[in-house]
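A look at the structure
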Amino acid sequence: PQTMVFTSFVWSAVWFAVLSVPFYVMYHEDGSDAPPLSRAKTDQSGLATVGSSMRLAWVSFKQTLHQRELMLYIAATLLYSDASSTVFSVYNVYASQVGVSTDVLLRGSVVNRWVGLASALGWVALARAA
């Protein structure tokens, strides 16, 4: 079981590198809607003060509230994550009491994530077709 957990962490790191890092490298904002980062107050070491950073975070949060598609995505992600966590918890407790092996439980979790990925890609295809 410990090697399976380690393998899961390694695969998570690989997926993060494959899917997230290229996004940060290739994506550039035009800066028109970005919060005024240049107005952040800095202390002697050049770091932004906590209060200034919190104000900028609040401005960014308020700007996010006006983007309907982003808010729908955040709400859907919240609901999906909460539902899948609940299902995993109940499933794992029930299955372990019935006598299902850890290997089968981990494989079921992996299959669930792949189904979630396929569903997400399906929604992207539907959005493009509309």
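Each chain has its residues counted from 1, following the order in which its sequence is written. Local features in this predicted model are restricted to residues of pLDDT 70 or higher, and side-chain atom pairs are both shown and tallied only at a pLDDT of 80 or more, whereas totals for entire chains, interfaces and linings draw on every residue. By convention in this description, side-chain values take in all heavy atoms of the structure and omit both hydrogens and water.

1. A few points about helix 4 (residues 68-98)
Over its 31 residues, helix 4 runs 44 Å from end to end, which matches the ideal 45 Å to within 8%, given 1.5 Å per residue. Relative accessibility thresholds used throughout: buried, under 20% of the residue-type maximum; exposed, over 50%; partly exposed, between the two (1.4 Å probe, protein chains only). By the criteria applied, helices consist of DSSP H or I runs no shorter than four residues and strands consist of E runs no shorter than two, each listed in order from the N terminus. Looking only at helix 4, the buried set comprises Ser-84, Phe-88 and Ala-95. Residue contacts follow a heavy-atom distance rule, with two residues in contact if any of their heavy atoms lie within 4.5 Å. On its buried face, helix 4 is in contact with helix 5 (102-129). Immediately beyond the C-terminal end of helix 4, within one or two residues, lies Gly-99, with a positive phi of roughly 110°. What a helix is expected to span follows from its residue count: subtract one and scale by 1.5 Å.

2. Describing the packing of aromatic side chains
Each aromatic pair joins two rings of Phe, Tyr and Trp (for Trp, the six-membered one) with centres within 6.5 Å, and gets the label stacked for planes under 30 degrees apart, edge-to-face for over 60, and tilted for any other angle. Under the counting rule described, the total for this entry stands at 2 aromatic pairs. Aromatic pair Trp-15 and Trp-114: ring centres 5.7 Å apart, planes at 75°, arrangement edge-to-face. Separated by 99 residues along the polypeptide, Trp-15 in helix 1 (residues 2-19) and Trp-114 in helix 5 bring together distant segments of the chain.

3. As for the packing of helix 4 against helix 5
Put simply, helix 4 and helix 5 touch, their axes get as near as 11 Å, and they point 160° apart. In terms of their interaxial angle, helix 4 and helix 5 are classed as roughly antiparallel. Our pair here, helix 4 against helix 5, has a crossing hand that is right-handed. On the side of helix 4, the interface is formed by Tyr-80, Ser-84, Phe-88, Tyr-91, Asn-92 and Ala-95, while helix 5 contributes Val-104, Leu-105, Ser-109, Asn-112, Arg-113 and Gly-116. Every axis in this analysis is a line fitted to C-alpha atoms, fitted for helices over the stretch in contact. Angles between the N-to-C directions lie between 0 and 180 degrees. When describing relative orientation, an angle under 35 degrees is termed roughly parallel and one over 145 degrees roughly antiparallel, while 65 to 115 degrees is termed roughly perpendicular and anything else oblique. Each crossing gets its handedness from the near helix: less than a right angle anticlockwise from the far helix is left-handed, clockwise is right-handed.

4. Things to note about the layout of surface pockets
Here the largest pocket is characterised by a volume of approximately 1600 Å³. Forming the walls of the largest pocket are 34 residues, and the residues nearest its centre are Leu-19, Arg-113, Trp-114, Gly-116 and Leu-117. If you list the elements that add at least two residues to the lining of the largest pocket, you get helix 1, helix 4 and helix 5. Broken down by element, the residue count for the lining of the largest pocket peaks at 17 residues, all from helix 5. Looking at the lining of the largest pocket residue by residue, the class counts come to 21 nonpolar, 9 polar and 4 charged. Two kinds of site are reported from a 1 Å grid over the protein atoms alone, namely cavities, where a 1.4 Å probe fits but cannot get out, and pockets, open sets with protein on both sides within 12 Å along at least five of seven lines, and residues are called lining when an atom falls within 4 Å of a point. Grid points are joined across faces, edges and corners, and a volume is the space filled by probe spheres set on the points. The nonpolar class holds Ala, Val, Leu, Ile, Met, Phe, Trp, Tyr, Cys and Pro. Asp, Glu, Lys and Arg form the charged class, and all remaining residues, Gly among them, are polar.

5. Topic: the confidence of the model for the chain
Values of pLDDT, ranging from 0 to 100, describe the predictor's confidence in every residue of the model. On average, the chain scores 79 in pLDDT, and the residues at 70 or more come to 83%. No element of the chain has a lower mean pLDDT than helix 2 (residues 21-26), at 80, and none a higher one than helix 1, at 86.

6. Considerations on a nonpolar patch on the surface
Like charges are joined within 9 Å and nonpolar side chains (Val, Leu, Ile, Met, Phe, Trp, Tyr) within 5 Å, but only among residues with over 30% relative accessible area and no salt bridge; these make up the patches. Surface accessibility in these figures is a Shrake-Rupley result with a 1.4 Å probe; residues are shielded only by whichever protein chains are displayed. Any Lys or Arg side-chain nitrogen located within 4 Å of an Asp or Glu carboxyl oxygen qualifies as a salt bridge. On the surface, Phe-6, Val-10, Trp-11, Val-14, Trp-15, Val-18, Leu-19, Val-110, Trp-114, Leu-117 and Leu-121 cluster together into a nonpolar patch covering about 1100 Å² of accessible area. Mapped onto the nonpolar patch, the elements with two or more residues apiece are helix 1 and helix 5. For the nonpolar patch, the element with the highest residue contribution is helix 1, accounting for 7 residues. One can find Val-14 in helix 1. What makes Val-14 partly exposed here is its relative accessible area of 35%.

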